[in-house]
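# Summary of structural features
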Amino acid sequence: MRFLRRLLSRPPSHEPYDFAEFLHRQGAFVAQKTVLDYCRVKVGRNETAFFGNPDFQAALNHCRWQVFLAAQSDVVALAEAWLRPFWPGQEQFLLECLVSLHAGFMAREAPPEGEKDAFEASLIALPGHLARMQLAPPRDARTLPLLAEAPLFATLPIHPDQRKGEGPSIRGALRFHMVSTQQEMERGFDPAGLSARLKAGPPAPP
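None of the values given here were measured: they were computed from a predicted structure.

Analysis parameters
Residues numbered from 1 in each chain as written. Predicted model: local features only at pLDDT ≥ 70, side-chain atom pairs only at ≥ 80, totals over all residues. Heavy atoms only, no water. Helix = DSSP H or I, 4+ residues; strand = E, 2+ residues; numbered from the N terminus. Rg over C-alpha atoms; globule rule 2.2 N^0.38 Å. Lys, Arg positive; Asp, Glu negative; His and termini not counted. Charge placed at Lys NZ, Arg CZ, Asp CG, Glu CD. pLDDT = per-residue confidence, 0-100. Phe/Tyr/Trp six-rings, centres within 6.5 Å; stacked < 30°, edge-to-face > 60°. Lys NZ or Arg CZ within 6 Å of the ring centre and 35° of its normal. Core = buried A, V, L, I, M, F, W, Y, C linked by side-chain atoms within 4.5 Å. Buried < 20%, exposed > 50% of the residue type's maximum accessible area, 1.4 Å probe, protein only. Contact = heavy atoms within 4.5 Å. Disulfide = S-S within 2.5 Å. Axes fitted to C-alpha atoms, helices over the stretch in contact; angles between N-to-C directions. Parallel < 35°, antiparallel > 145°, perpendicular 65-115°, else oblique. Left-handed = near helix turned anticlockwise from the far one by under 90°. Nonpolar A, V, L, I, M, F, W, Y, C, P; charged D, E, K, R; others polar.

### Quick notes on the overall build of the chain
The secondary structure content of the chain amounts to 9 helices and 0 strands. When its helices and strands are written in sequence order, the chain yields α-α-α-α-α-α-α-α-α. Its C-alpha atoms give the chain a radius of gyration of 18 Å, within 12% of the compact-globule value 17 Å for 206 residues. Here the chain contributes 23 positively and 22 negatively charged side chains, and the mean placements of these two sets differ by 5 Å.

### Observations concerning the confidence of the model for the chain
When the pLDDT values of the chain are averaged, the result is 91; 93% of them are 70 or greater. Mean pLDDT across the secondary structure elements of the chain bottoms out at helix α1 (residues 2-8), with 60, and peaks at helix α6 (residues 116-133), with 97.

### A few points about the packing of aromatic side chains
Any aromatic ring pair is given by two values, namely how distant the centres are and how the planes are angled relative to each other. Using the criterion set out here, one finds 6 aromatic pairs in the structure. Within the aromatic cluster, the residues linked to one another by ring pairs are F19, F22, W82 and F189. Over the aromatic face of F105 sits the side chain of R108, whose NZ or CZ is 4.3 Å from the ring centroid. The ring of W87 is capped by K199, whose NZ or CZ atom sits 4.9 Å from the centre of that ring.

### Section: the nonpolar core
Ranked by size, the top nonpolar core spans 55 residues in total, and within it F19, V35, C39, L83, L156 and M185 carry the most contacts. Within the residue set of this core, elements represented by two or more residues are α2 (16-43), α4 (54-83), α5 (91-106), α6, α8 (167-188) and α9 (191-200). Examining the composition of this core, we find that 16 residues originate from one element, α4, more than from any other. Discounting residues that sit within four places of it in the chain, F19 has contacts with A79, W82, L83, L98, M185, F189 and L194.

### Looking at the state of the cysteines
Counted by the stated rule, this structure contains 0 disulfides. Between C63, a free cysteine, and C39, which holds the nearest cysteine sulfur, the sulfur-to-sulfur gap is 6.3 Å.

### Structural notes on the packing of α2 against α8
Their axes nearest at 10 Å, the elements α2 and α8 cross at an angle of 155°. The angle between the axes of α2 and α8 places the two elements in the roughly antiparallel class. Judged by the sense of rotation from one axis to the other, the crossing of α2 with α8 is right-handed. Between α2 and α8, the contacting residues are F19, F22, L23, Q26, F29, V30, K33, T34 and Y38 on the first element and I170, A173, L174, H177, M178, T181, E184 and M185 on the second. Within the contact of α2 with α8, the residues separate by chemical class into 11 nonpolar, 4 polar and 2 charged.

### Side note on the side chain of H177
Tracing the backbone through its elements, the reader meets H177 in helix α8. Apart from residues lying up to four places away in sequence, H177 is in contact with F29, V30, K33 and T34.

### Points about the packing of α4 against α5
Packing of α4 against α5 brings their axes to within 10 Å, and their N-to-C directions diverge by 145°. In terms of crossing hand, the pair formed by α4 and α5 is right-handed. Contacts between α4 and α5 involve F68, L69, Q72, V76, A79, E80 and L83 from the former and L94, L98, H102 and M106 from the latter.

The following block contains the structure:
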């Protein structure tokens, strides 16, 4: 949140490095916020007991990693759709730029041993996912298909019997955080200036 306040207290940025950092942070935020908020509501007053249980912690960490990887791809897809109108005839170049920015920040992560295969798979799958998104007109955060939804429901450390009827609210929370991400992106960055900088060449870290 401190990063966002700094970002939004100045004129919209057109710096690719800032944009990549923002996307990476938001992917983490979407995953963490969606998973932890739901789990805390479900366990209620038993939060200390649940979160202190090693089995619950292991399941929770697995869920967070799985949703984190998918949410990272979702925020990059959101960015691609937002920037695409400024790249007529250069959609493949846009895809390559975003994949490169994403890979640079993901290289800073150190996934646990059990998450390394999923980590690598998410990086390999991203270009194809973006290419498929480019076959249709750009979608905003309200209608963008979210890769994070499937691992969220598959790995939540709350038994499915205990979340009957709650699917819409879980999906709604995930969608809400993606919509918020788009709003922050629109306030924090200048898409035309950012596109021009990306086309000029790869950004260097500050």
